[in-house]
Amino acid sequence: MEEQHHDEHRPLPDADYESPETTPDGSIRLQYLDSVSSATSSRLSNYEAPDIDPEDEQAEERHAVPPAVPTTTPPSQTTPNWLPYTLRRIPLFLILGFCMLLDVAVIVVHVISSSNAGVVNDYGSTAKIIASKFVPTLLAVAFSLLASILLDDVKRTEPFARMASCTGADSKQSLRWTAGFWLPFPSPMGKGRLPLFSSTLVFVLGTLVVSPLSSVLFASETVVLDQKTMLHQLDLGSLTPIQPTPLATTYFRTISSILQNVSTSAWITNDYVILPFWPGNLSLIPLSPILSDKVQAWSTSTAIFSVDLYYKPMDYKWNSPGPSGDNYSITLASQSGCSLDFDLGNSSMIEVEGGETWVTTNDVTAYPFVDLEIDVDGDHTHLGSPNVTVHDCNEDEVLLSFTRTSFKPSNFNPANFSLSGQACQRTYYVGNSTVVVNLGKGQSVVTVNETEYKLTRTPISAPIANTAFLDNIFFDDANWTTHLDGARYAGHSHFVGPANLLGAKYQFDSERIIADAATGQSMQRVRRQFFAEILHTAFELMTVANAVDVPGSVISASRRVVVVPAVAISMEIVLSLLSILLATILYTTRPSNRVLGLYEDPSPIVSVTRLLTNSPSTLKTFTESSDGTPSNALNQSLSKSHFILTDGQIEATVLDASKTHDSREPLSSKTQADRSVDASNNHQIFSMWLLVPLLVLLCLTLAGIATLYHLSRSQGLYNTIFVYNISISIGSKQFNAVNPASILTALVAVIIGTWWGSFDTTLRKVQPYLALAKDPIPGYNGIAMSYKSSYLTWAAYRAARRRHWVLVLVSTGAFLTQVLTIAMSSLWTRAPGTLTESVGTTRTLELRSVPILTLSHHDGSEDDGKEAIEPILSNLTSSWIYGATTQLTLQGPDPSWSSDGWSFVPSNINLEPSRHVQNTGNSSELSFLSVNVTVKTPATRARLECSPYNFLDNKTRWLTKWDLTNETYWDISSNPSDLKVGYGLGPDQRFEDGVELGDSTSFYPGGETREGESVSFFVSPRRLLCCSNQTAGSAGLASIGYWSANLAPAKVYPHISDTWPANFTVKWIRGRAVEGIQQAIDWSDDSGGRLLFDGPPKMAALNCQPVIEMADAEVTVDADTGRVTSYEILETPRAYEDAWNSPWVKYRQKHNTDPSNSRGSDSRSRDDGVNTTVSHGIIFVTSLLGAADLDNLGTHLRDHDSTEFVENTEEQTFNIRQSGLNVDYMTYAMLSLAGLDRHDRLLDPATLARTANRTFATMYQHFINHNLSLESGGYVYQPVGARLPADVGQREGGPEKESRETAPSPSGRTEIVMKVSRPVELLMISTPAAWICIAILSYLIVSCGVLMLAARGYNNMLPGTVDTIADTAALVAGSGKLLELARGRSTNDIKSDRGVLAKLDWFDDAEGQKRWGVELFEGEAEPDGHDSDASRQDESP
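The residue count restarts for each chain, going from 1 along the sequence in the order it is written. pLDDT decides what is reported in this predicted model: residues at 70 or higher carry local features, side-chain atom pairs at 80 or more are listed and counted, and totals for whole chains, interfaces and linings draw on all residues regardless. Computation of side-chain values: all heavy atoms of the structure, hydrogens and water removed.

Here we come to the overall build of the chain. For helices the rule is a DSSP run of H or I covering at least 4 residues; for strands it is a run of E covering at least 2, with both sets numbered from the N terminus onward. A count of helical and extended segments in the chain gives 33 helices and 55 strands. Here the term buried applies to any residue with accessible area under 20% of the maximum for its type, exposed to any over 50%, and partly exposed to those in between, with areas from a 1.4 Å probe on protein chains only. The buried share among the 1437 residues of the chain stands at 56%. Restricting the contact set of the chain to residue pairs at least 6 apart, pairs at least 24 apart contribute 78%. We get accessible surface area from the Shrake-Rupley algorithm with a probe of 1.4 Å; when it comes to residues, only the shown protein chains can shield them. Carbon and sulfur atoms provide 52% of the accessible area of the chain, an area that totals close to 58,600 Å². Contacts are assigned to residue pairs that have any heavy atoms within 4.5 Å of one another.

This is the structure we're talking about:
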């Protein structure tokens, strides 16, 4: 059986061809074939093939696809069952399966994404970008291409299916039928119409829906993952009963939280204390303010503690004596009925000191606030404080607030007296609730389900905690006064119990407390925080071993590739519909349902010719009605005919023979010129009206992508038109928003591809005719060849082998348009970014060059420095030492405009916070992002250069060994009997005669005692008394750590040195301490016993020089908070000399002038005195070194005699004293950095130096921000151009004043430019995709230009289109030789015979009439393959 090779189908496999039955060849190749061979053999020697050898062509096709169909003419095939490849069973099943697999794949990834909040994590991996962007579009484009080929095969076989039906079809529905691209849309109504309708709908949906939507199927978003797991939780059973043990750190954290408004633990909120829980991968119990640096959320049900304070305001009433002579009294009563009566007796004078007392109702007293006096004959007798009687108080506690005043009861004036109170009822609760901990952005936020908690809470019972004991601790006045003594800061006012902390919140101003309507809320805040810190202290004693497992979830935010639900649902519906349509096509195109009546592919010219060879009626219709060119006569004649395709032949039936030629003009009456005119009036093959718009579209697209790429790289695509998202919802169901940019660009690519494909289809269809019109060519290049079913690169390859170069360009372009669709679909990604713009502003501050100015009423004493230090330490609500210690110990944030030890001079940032930049169409992560400002500004930092002392191994240099059995010096009966030897801090300084017993409170780095530089163990040269660590009667390890000045000889605080920067010492002492060792005789420094060690302790000590530097910097800060996000130091840091150059310089005033503030820039009249200037570095260091001993500061901060020789353990404002620990805040911060339970680490000099350096730098940062104003500056920053006042006074011991300090002040402002970065959504363009698009579009533009140039020649070569079967039939109907050839030989025979030459030209038919058509060539072919007719020298196809 002879096999037929269809080269036009080579790109597609032929796995399931329905082979027709065959019989042995009837062989009609008789004498005619021999005559043709002999007739053409003489011409072959002169013919040069313009292309390839036919054997190569056949080899090419055999290599591409195995042969499938026999090609011999009937009767070699008894059944005309030929089908195009895409309509055969297996290929069509594969297309259907591919569509169904796409549908299943979309459903699967949709389900996975919905179930797992995404498909995979997105870490910017190239593979994942390709998988999420390129692959979906690639598959969609592949399906669209298959749909296009399927539609093409259905359309080109549709006329044959109509003619092969039992009724046949008229010419309009058969020979003259031409299908548009897909408009007008075919109707499904009518027999046999479903294949065309279904295939058209498949193509439209695949091209215009599936392909564009595939580009936005996946998106990268930040999603929430909820993972159910077991969490660890502290076991409440092992925690209870809670044993309240307040430590110094308990009060420190409470005071820090209230005054500094910082979080001390994430488990402590303003209202609740949460029993901690945490994931199992944490090795320690997280108790800090930041529980983890991961972006997560933890959730479970846990125990919640709270204390509610129900408060009622109390108003006072003045009671004057009645007629019966009652005493004066004051009644303070609440609306609840609780009242307090103050019996003033018959006093003649009432002195009110002022202040607050917060006590239980059982402990209410007027002492020491009110003092009564009586005047008897001029003698004033103190009666003490009035009695207070409590009536009908169901409340537990009261707050009383007094203002300072004095008055006579007989002259009472309400305007001069204020008294208020709060009657409070407290209740401790415990309950359970679902708690969510949100981690990230440098914070941990705990959220309690309050409704659930209030439904489950019950008052705390004794098995959980002794609430009465909790109250006793809270109201313990001694503890509060020790850690925060309000009397030190409030002059003559008094504060009792927790009122010390409440008063500090109001700057110890009783009038503010009385006037504040929210005082009750402030009380509740203090109450809750102290209770929380008590529980926190109990939590700290627990370990991971005290944890139980509870069910919970870990919710994490992750950038993941997600499936956009709206797109996925749309694609699922469309792909399901496509599957149904493809199944319909599969069923309706079976030969039993759709008969074609074809033995072979009808695309080649010779195949169409063969359909006419045995149909005289059909041939007559075409020969009598047409000369081969398009004419109205042919159309009229065909319109009266009906055609039936049977047994491989088209039979024509004239419907009305009498009218067939009535209006027909005889062909012989037309000249060739007339025919040319008729031809010129026909439709052109390539219309410029279609090519020019396509070229414009290509140019605009190229320009648009190039412009957007440039904008994306230069400033970003942030405008609303680029980033607007279309939100999709169905009812209340919200789906992910879709950005239309990818869809629009995909649609543009589809339009370009479709438009270009129409030209590609046309050129592939007419290319054989163009080749025939140019030269006589063999069959394999002309009548036996077709490109109709060759696509993309296969068509380009075949065209290149035949040197059809324009078709090569166009078919390659058709392939590249598919790549363009993929690239343009993957062009865009929506991501967060920033918009940067320059904004002018003014800088009002600069680094201080003028020293700080203060006025002293003292003349030449050391107290002038203490007066300068006092305001720096007195305001506890803005205390820089508290703030720095809180940051270091509780992981608090850096101060504004500070980072990594550097502080940057702030600028005035006045932005438009509501400025409209873009509308994204939906909420995004940007709502949580801030506007950043970048500015160049001076920067400063402080650091330490420390070196360890090298004599510490010689313990006699800093220890004294005592014989505790010596009864002369020690009280043996009172001291521990097992302690025989003790070691005291300080070298032995007993006189040689043994008369005086003593050891020093300092050591001497230089070795000379009393004459060289000295370093005290405490802050000042006082003896340490605290703190031992007694456990079951035995001494445990204790630690002592203080920063102290290296005092020059004869120097006292704060004048610690004549030269600056002056060194100081950082110490850490560790040993087994015993306190309260009694001496046998009364020495002046004996106050409750001595602190000794039972063995030589260890000490690490560093000699540190403070260094303050400055440099120019560029810093980026959050415009709202001033938080530094990044910075760059622009130069090598240099010494900040102005920080040290004015060490307590005095100016004697000659006039009554006074600076308005301690930083001085203007003045006002006041008493004479001595103005003192001091550089900020000096006052910073001296304040830091003196804060832990407020008794040594003098002025009204001191209520103890400064000559005392021992530390005051009752004063712990800036100290931590608890069992086994006695440190200042700086050393406590260092211990926190090293590990609060890792005391031995600080014995390492390197660790001690590292932690000291960070602590010093952080303290300096907070010192800079202390009371800082953008207008008046602060201690380190000054207004631009600030100078000392001109009348500051006469400088003592030097020039009157320095010119730079008192020169006229400039304008005070400097104009600067800052870069403002606003968070925006950006449409990011993929660089590879952009360049691919640009390259392809450039190619298409060039190819389109070439096609436009070639189109004119093509239009001249062919008088009209060859779109229909009738067009081809008209060209061959009068070609007798070609008809005879088609009758006798198969298409493959003709293709392989190089001697069969044909040409499209004018020729004389059998009747001698001129016809335009395809006929075998019998003339001499020119060697170069060109026709000799010069009039036809057009462009080569």
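Having seen the model, we can carry on.
We call a pair of cysteine sulfur atoms a disulfide whenever their separation is within 2.5 Å. For the structure on display, the rule yields three disulfides. Here cysteine 338 engages in a disulfide with cysteine 393; their sulfurs sit 1.5 Å apart. Judged by the sign of its S-S torsion, about 65°, the cystine formed by cysteine 338 and cysteine 393 is right-handed. One end of the pair, cysteine 338, is in the loop between strand 7 (328-334) and strand 8 (339-345); the other, cysteine 393, is in the loop between strand 13 (387-391) and strand 14 (397-402), and 55 residues separate them in sequence. The pair cysteine 338 / cysteine 393 is uniform in exposure class, with both members buried. The cystine pairing of the chain, numbering bonded cysteines in sequence order, is 1-2, 3-6, 4-5.

Scored between 0 and 100, pLDDT is the confidence that the predictor attaches to each residue. Per-residue confidence for the chain averages 80 on the pLDDT scale, and 81% of its residues sit at or above 70. Confidence over residues 1-76 falls short of pLDDT 50; this stretch has 187 contacts with residues more than four positions distant or in other chains. Note that residues 921-928 has pLDDT below 50 and, in this model, 16 contacts with residues that lie over four places away or in other chains.

The next subject is the sheet that holds strand 2 (residues 169-170). Spatially, 2-21-22 is the arrangement adopted by the three strands of the open sheet, whose pairing is antiparallel. The two strands at the open ends of the sheet, each matched to only one other strand, are strand 2 and strand 22 (649-654). We call two strands paired when DSSP finds no fewer than two bridges between them. With two bridges joining them, strand 2 and strand 21 (residues 641-646) adopt antiparallel strand pairing. Bridge pairing in strand 21 links aspartate 170 to histidine 642.

Attention shifts here to helix 30 (residues 1327-1357). An α-helix turns once per 3.6 residues; consequently, residues spaced three or four apart project the same way. To estimate the expected span of a helix, count its residues, drop one, and scale the result by 1.5 Å. Its 31 residues give helix 30 an end-to-end C-alpha distance of 44 Å, which sits within 8% of 45 Å, the value for a rise of 1.5 Å per residue. Axes are fitted to the seven residues ending at a residue and to the seven starting at it; the angle between these axes is taken as the bend at that residue. The largest bend in helix 30 amounts to roughly 30° and is located at alanine 1350.

Turning our eyes to something else, we now look at the environment of serine 898. Position of serine 898 among the secondary structure elements: in strand 29 (residues 898-899). With 366 residues separating them in the primary sequence, serine 898 and isoleucine 1264 have C-alpha atoms 9.6 Å apart. Contacts of serine 898, omitting those with residues within four sequence positions, involve Ser903, Phe904, Val1124, Gln1261 and Asn1265.

A packed helix pair is summarised by two numbers, namely the angle formed by the two axes and the spacing between the axes. To define axes, lines are fitted to C-alpha atoms, for helices over the stretch in contact only, and angles between the resulting N-to-C directions are given on a 0 to 180 degree scale. Between helix 19 (residues 688-714) and helix 30, the shortest axis-to-axis distance is 9 Å and the interhelical angle comes to 160°. The orientation of helix 19 relative to helix 30 falls into the category roughly antiparallel. Relative to helix 30, helix 19 is oriented so that their crossing is left-handed. Just so you know how the angles are binned, under 35 degrees is roughly parallel, over 145 roughly antiparallel, 65 to 115 roughly perpendicular, and the rest oblique. In this scheme the handedness of a crossing depends on how the near helix is turned from the far one: anticlockwise by less than a right angle means left-handed, clockwise means right-handed.

For the rest of this paragraph, the subject is the side chain of serine 1183. You can see serine 1183 is positioned in helix 26 (residues 1176-1186). Note on serine 1183: relative accessible area 0%, which makes it buried. Look past the residues within four positions of serine 1183 in its chain and what remains in contact with it is Ile869, Ile872, Leu873, Trp880 and Tyr1053.

Turning our attention to helix 9 (residues 467-474). Along helix 9, the residues classified as buried are Thr467, Leu470, Asp471, Ile473 and Phe474. Within helix 9, the buried residues cover an arc of 160° as seen down the axis, which keeps them to one side. In this fold, the buried residues of helix 9 make contact with helix 7 (248-260), strand 10 (355-360), strand 16 (419-440), helix 10 (477-483) and helix 13 (519-540). Where helix 9 begins, one side-chain oxygen reaches toward the backbone nitrogen of alanine 468, 3.2 Å away; that side chain belongs to asparagine 466. Working definition: the arc comes from the directions between the helix axis and the C-beta atoms, pointing outward to the latter. The definition of a polar contact used here is a pair of N or O atoms within 3.5 Å, where within protein one atom must be able to donate a hydrogen and the other to accept one, and adjacent residues in sequence count solely through side-chain atom pairs.

Moving on to the packing of helix 21 (residues 740-774) against helix 30. Helix 30 packs onto helix 21 with a crossing angle of 40° between their chain directions and a minimal axis gap of 11 Å. On the basis of the axis angle, helix 21 is oblique to helix 30. Read as a crossing pair, helix 21 and helix 30 show a hand that is left-handed. Across the interface between the two elements, Ile752, Trp756, Phe759, Leu763, Leu770, Ala773 and Lys774 from helix 21 touch Leu1337, Leu1340, Ser1343, Cys1344, Leu1347, Tyr1354 and Met1357 from helix 30. Its residues placed into classes, the contact of helix 21 with helix 30 shows 12 nonpolar, one polar and one charged. We call Asp, Glu, Lys and Arg charged. Ala, Val, Leu, Ile, Met, Phe, Trp, Tyr, Cys and Pro are nonpolar, and the rest, Gly among them, are polar.

It is worth spelling out the sheet that holds strand 55 (residues 1410-1416) at this point. Judged by pairing direction, the sheet is antiparallel, and its three strands sit side by side in the order 25-54-55 without closing on themselves. With partners counted over all chains shown, the strands left at the sheet margins are strand 25 (777-778) and strand 55, one partner each. Where strand 25 and strand 54 (residues 1397-1404) come together, two bridges link them in antiparallel fashion. The residue of strand 54 that forms the bridge with isoleucine 777 is alanine 1398. The sheet strands contacting helix 21 are strand 25, strand 54 and strand 55, and the helix crosses strand 54 at an angle near 70°.

Once that is clear, we can look at the environment of alanine 1257. By secondary structure assignment, the location of alanine 1257 is in helix 28 (residues 1245-1265). A C-alpha to C-alpha distance of 9.8 Å links alanine 1257 and valine 1107, two positions 150 residues apart in sequence. Dropping the residues within four chain positions of it, alanine 1257 is found in contact with Gly901 and Ala942.

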